[in-house]
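Chain by chain, the residues:
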Amino acid sequence: MFKFLFGRTSKKPEVIVRETQRETVMRTVRELNEILPGLSPRASIGVDLQHGTLSIALPEQMPDEAKALPAPEPKPEPEPETPKTPDALDTADTATKPDTPAKADKP
């Protein structure tokens, strides 16, 4: 905890074990091969040979997510608001009022 204050307790150098690129690729492929066959519906896997990349199109909801949570409800898109101009307000007022005869001027 206080190595920076008191120094190391042992004089042996720490050995940092790093994974080689080959080991990283092999581990990743092994993990993908363990996971992908269990998906239902199957994931679509694409290979881009020009760039040397893989792409995986996963389903919207994974099987373990379906067990844990209810399916998400689609959210309705909000309707765009129309700006209210004075002309729009005048037409809206006349459209909502019933037609009434004009009152005669009182003498």
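Everything here concerns the structure above.
About the thresholds
- Residues numbered from 1 in each chain as written.
- Predicted model: local features only at pLDDT ≥ 70, side-chain atom pairs only at ≥ 80, totals over all residues.
- Heavy atoms only, no water.
- Helix = DSSP H or I, 4+ residues; strand = E, 2+ residues; numbered from the N terminus.
- Buried < 20%, exposed > 50% of the residue type's maximum accessible area, 1.4 Å probe, protein only.
- Contact = heavy atoms within 4.5 Å.
- Areas by Shrake-Rupley, 256 points an atom, 1.4 Å probe, with all protein chains shown as cover.
- Pairing = 2+ DSSP bridges.
- Patch = residues over 30% accessible without salt bridge, like charges linked within 9 Å, V, L, I, M, F, W, Y side chains within 5 Å.
- Salt bridge = Lys/Arg side-chain N within 4 Å of Asp/Glu carboxyl O.

A. Quick look at the overall build of the chain. Helices and strands together make up the secondary structure of the chain, namely four helices and two strands. For the chain, with 107 residues in total, the buried portion stands at 5%. Of the contacts formed within the chain by residues at least 6 apart in sequence, a portion of 10% connects residues at least 24 apart. Counting only carbon and sulfur atoms, one obtains 58% of the accessible surface of the chain, whose full area is about 11300 Å².

B. Just the environment of Ala57, in detail. With respect to the helices and strands, Ala57 occurs in strand β2 (residues 53–57). Considering only alpha carbons, one finds Ala57 and Arg42, 15 residues apart in sequence, at a separation of 9.2 Å. Beyond its immediate stretch of four places on either side in the chain, Ala57 contacts Ala43 and Ser44.

C. Looking closely at the pairing of β2. Direction of pairing for strand β1 (residues 44–48) relative to β2: antiparallel, over a ladder of five bridges. Looking across to β2, one finds that Ile45 is bridged to Ile56. Taking the residues that link successive antiparallel strands as the turn, the β1-β2 hairpin has four residues, and the phi of Gly52 there is positive, at about 70°.

D. View of a nonpolar patch on the surface. Together, Ile45, Val47, Leu49, Leu54, Ile56 and Leu58 give the surface a local cluster of nonpolar side chains, amounting to about 630 Å² of exposed area. Secondary-structure elements contributing two or more residues to the nonpolar patch are β1 and β2. Position of Leu54 relative to the elements: it lies in strand β2. Assessed through its relative accessible area of 59%, Leu54 is described here as exposed.

E. Up close: the pattern of salt bridges. Summed over the entire model, instances satisfying the criterion amount to two salt bridges. Between Glu19 and Arg27 there is a salt bridge, and its shortest N-O distance comes to 3.0 Å. In this structure Arg27 comes out as partly exposed when scored by relative accessible area, which is 28%. Among the salt bridges present, the one from Glu31 reaches Arg27, with a minimum N-O distance of 3.6 Å. With Glu31 and Arg27 both in helix α2 (residues 21–35), this residue pair falls four residues apart, about one helical turn. On the accessibility criterion, Glu31 (36% relative accessible area) is partly exposed.

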